[in-house]
Amino acid sequence: MKSPGYGKMPVGVMVSSAFLLLVLVCLLFPDLLAASPLKIDTSLGAVPAGSPGHVLGTDSLGRDVLDLTIRGTRSALLGPLAIALGSIVIGLVLGSLAGWFGGVPDWIISRYADITLSMPTLLLAIVAASILGGGYWVSVAVMIILYSPFDIRLVRSAVIAQKNKPYIESALILRLGTPRILAVHIFPNIAHIILVNFFLNIAAGLVSMSSLSYLGLGVAPGDADWGRQLADGKGALFDNPMASVTAGLAIIITAIAVNVVGNYFSERTTIG
Amino acid sequence: MKRAAGYIAKRILELIVSLVLLSFVIFSLLYIAPGDPARQLVGTKKATPELLARIRESYGLDDPFFVQYKRWIEGVLHFDFGKSIRTDQTVIEYVAPHASVTLQLVVMALVLSVIFGLMLGIVAAKSRGTKRDNVINTLALVGTSAPSFAVALLFLYVFALKFGWFPIYGIGNGSFGDSLRHLALPSIVLTFGVSALIVKITRSALLTEDSKDYTTFMRARAVLPARITFVQLKNVSAPVLTSTGLVLANLVAGTILVESVFSIPGLGNLLASSVTFHDVPVVQFIALALAFIVCASSALVDILVFLIDPLSGKARSIHKISTAGEKNR
């Protein structure tokens, strides 16, 4: 059902897409926008926004907040992208296995998904990331494992919905192999579902990863990362609140923009 | 009745399996964790090999994995979680005061979320397509997308620092009124994030009811709008209850981060600091306790939903509405 409230989204979608483009530029070409490297200037310390040469001021190490935020884009978004991608790959493989073959594989995979789904994701991720003491990519791996059951279920039910349709029956009569039917015939027909979920996964991954980095997990001290910047900037809240407020806004606005675009896709595709 | 018993039994079995698995995951994570617990136990004393060996022996640190796991589980089943490495108190004694702070915060946020979530959800559904509906939808979108700690920081900056309406951090002098004042802003932050789920689900469930025959019939009979809404609400209690269960799960995760922003000495902060200190028994206990609350409440909600509406295997499909929110519970 299309809810009327979302019908008037396009302006929001346009603004969100434009913002995401900007984020993409920051991600791919950080040098373009943040020309000066992250120069540490402890004698300067945290100066408030509007100081000469520093539009948004500096953090307690004297680093330019705007540059730091632009640099942080990479760390903030590469992980979520990897999470969404990894989780979709696992979802596609296990989901289509379960959906297509049914029976024992379906039972095993579905029970696995049920049980993983009932676990508190963020709590486990925090405990796992902090205990394993690993770097950024360990957190990403943990998150992929915890996110994948959503995609497994999604792909499974989408495959089941397709598998009894006439075009699949004809493909079976033509004796096409299973991998071919799945890859060439079924996947294109469920691609829109996967795309939407990919977007929502990025948004959720952004929240999860920045939560971890806010707690100091997954990123080294001093790294440019929005979560980390927010945590570090909290100490200088009185001197230059912009240090952490900018990072907070960056996280919030990016997460909203990704969700808006994802919702928009989802509406477009479910109607048509 | 037989079906109900069967469903409840199945759901409880599922809960037990998840809990056993969780306990295993939590235990093995801490087992393979880098860092030597014996060294932490020595503390500031000089770590002679003999001392280390004695500690390893008395804590059974050299036993095989499954022996240690079995010992731990046996303790857990008798509510014996060992002693904190940091303070030498029993874990329960040590954690209890922190838990009460978190409990206060979570209960406040839960009550606020249910009240505001239901109210805004009803208002949005009843005034759909209007400006009011759009505003509520936008707020709900922001609430579900934005991470709690970032919202917490913004609220801290605006409402506590700029306007000075709330204290900035801590829980005050310990009196009930003062801690209420200190926990107000954190619980508002939590509410902002999690009530959005209730708003969305209430709204879309009510809109579905609006197009059903019984609503049309009631309208035709000129039944008061408030009365129609009341009947509709009764009919959507299953999905709304499910969303409340999700809210509780989200709150547990959210509180870890929000406590950290506001420097509230609750379970979340204790978990974070115990992890840094490698205080294994405390980390195990908090992780297990929080996981238990999340899993048990979701099982309880599923069972309640089934009892309210045995025909709905829909309890699960509701999850879809909130994928983004649920992943970060």
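The shown structure was predicted, so the numbers you read here are calculated from the model rather than taken from an experiment.

Things to note about the interface of chain A and chain B
The figure often quoted for interface size is the accessible area lost as the parts come together. Taken residue by residue, the interface counts 52 residues in chain A and 55 residues in chain B. Interface area, chain A with chain B, both sides summed: about 4800 Å², of which 74% is carbon and sulfur. It is Leu-123, Ile-131 and Phe-150 of chain A that lose the most area in chain A upon contact with chain B, and together they represent 13% of the buried surface on that side. Our count for the chain A to chain B interface comes out at three residue pairs in polar contact (both at pLDDT 80 or more). Counting only elements with at least two residues in the side of chain A that touches chain B, the list comes to helix H4 (103-117), helix H5 (121-132), helix H6 (136-163), helix H8 (178-214), helix H9 (226-234) and helix H10 (242-271) of chain A. Among the residues forming the side of chain A that touches chain B, the class breakdown is 34 nonpolar, 14 polar and four charged.

So, the confidence of the model for chain B
Residues and elements named next belong to chain B. Of all residues in chain B, 86% attain a pLDDT of 70 or more, and the chain-wide mean is 79. Note on residues 314-326: pLDDT is under 50 here. Beyond four places in sequence and across chains, it has 24 contacts. We note a pTM of 0.79 for the whole complex and an ipTM of 0.78 for its interfaces.

A short note on the packing of aromatic side chains
Residue and element names in this part refer to chain B. The final tally for this structure, using the stated rule, is eleven aromatic pairs over all chains. Where Phe-24 meets Phe-66, the ring centres are 6.2 Å apart and the plane angle is 25 degrees; that geometry is what we call stacked. In this pair, Phe-24 sits in helix H1 (residues 2-32) while Phe-66 sits in helix H4 (residues 65-77), placing the two residues 42 residues apart along the sequence. Considering the side-chain rings of Phe-155 and Phe-192, the 5.7 Å spacing of their centres and the 50 degrees angle between planes classify their relative orientation as tilted. Remark: Phe-192 occurs in helix H8 (residues 176-210) and Phe-155 occurs in helix H7 (residues 148-162); sequence separation between them is 37 residues. For Phe-155, a relative accessible area of 17% translates into the label buried. Ring pairs connect the aromatic residues Phe-24, Phe-27, Phe-66, Tyr-69 and Trp-72, which therefore count as one cluster.

Some points on the pattern of salt bridges
Per the counting criterion, the structure on display carries ten salt bridges over all chains. Asp-232 of chain A is the partner of Arg-228 of chain A in a salt bridge, and the nearest nitrogen-oxygen pair spans 3.9 Å. Taken together, the residues Arg-228 of chain A and Asp-232 of chain A, both in helix H9 and four residues apart, mark about one turn of the helix. Each member of the salt-bridge network shares a partner with another, and the members are Lys-126, Arg-128, Asp-210 and Arg-219 of chain B.

Brief notes about the side chain of Ser-195 of chain B
Residues and elements named next belong to chain B. Position of Ser-195 among the secondary structure elements: in helix H8. Given a relative accessible area of 9%, Ser-195 falls into the buried group. With sequence-adjacent residues up to four places away left out, Ser-195 is seen in contact with Ser-113 and Gly-117.

Thoughts on the nonpolar core
The nonpolar side chains of soluble globular proteins are, as a tendency, buried together. With 110 residues, the main nonpolar core has Leu-230 of chain A together with Val-95, Phe-149, Phe-262 and Ile-286 of chain B as its most contacted residues. Of all hydrophobic cores here, the second largest spans 13 residues; its members include Trp-100, Val-159, Ile-168 and Leu-182 of chain A.

Quick word on the environment of Gln-162 of chain A
Residues and elements named next belong to chain A. Inspection of the secondary structure puts Gln-162 in helix H6. Gln-162 sits in the buried class, given a relative accessible area of 10%. In the structure, Gln-162 is positioned 148 residues away from Met-14 in sequence and 33 Å away in space, judged by C-alpha atoms. If sequence neighbours within four positions are ignored, Gln-162 has contacts with Tyr-167, Ile-168, Ile-186, Asn-189 and Ile-190.

Some remarks on the confidence of the model for chain A
Per-chain confidence: chain A averages 80 in pLDDT, with 85% of residues scoring 70 or above. Looking across chain A, the model is least confident in helix H2 (residues 30-33) of chain A, with a mean pLDDT of 71, and most confident in helix H3 (residues 65-101) of chain A, with 87.

Points about the side chain of Ser-110 of chain A
Relative to the helices and strands, Ser-110 of chain A resides in helix H4. Side-chain polar atoms of Ser-110 of chain A contact the side chain of Arg-156 of chain A, separated by 3.4 Å.

Conventions adopted
- Residues numbered from 1 in each chain as written.
- Chains lettered and ligands numbered in written order.
- Predicted model: local features only at pLDDT ≥ 70, side-chain atom pairs only at ≥ 80, totals over all residues.
- Heavy atoms only, no water.
- Contact = heavy atoms within 4.5 Å.
- Buried area = accessible area lost by both parts, 1.4 Å probe.
- Polar contact = N/O pair within 3.5 Å; in protein donor to acceptor, adjacent residues only side chain to side chain.
- Helix = DSSP H or I, 4+ residues; strand = E, 2+ residues; numbered from the N terminus.
- Nonpolar A, V, L, I, M, F, W, Y, C, P; charged D, E, K, R; others polar.
- pLDDT = per-residue confidence, 0-100.
- Phe/Tyr/Trp six-rings, centres within 6.5 Å; stacked < 30°, edge-to-face > 60°.
- Buried < 20%, exposed > 50% of the residue type's maximum accessible area, 1.4 Å probe, protein only.
- Salt bridge = Lys/Arg side-chain N within 4 Å of Asp/Glu carboxyl O.
- Core = buried A, V, L, I, M, F, W, Y, C linked by side-chain atoms within 4.5 Å.

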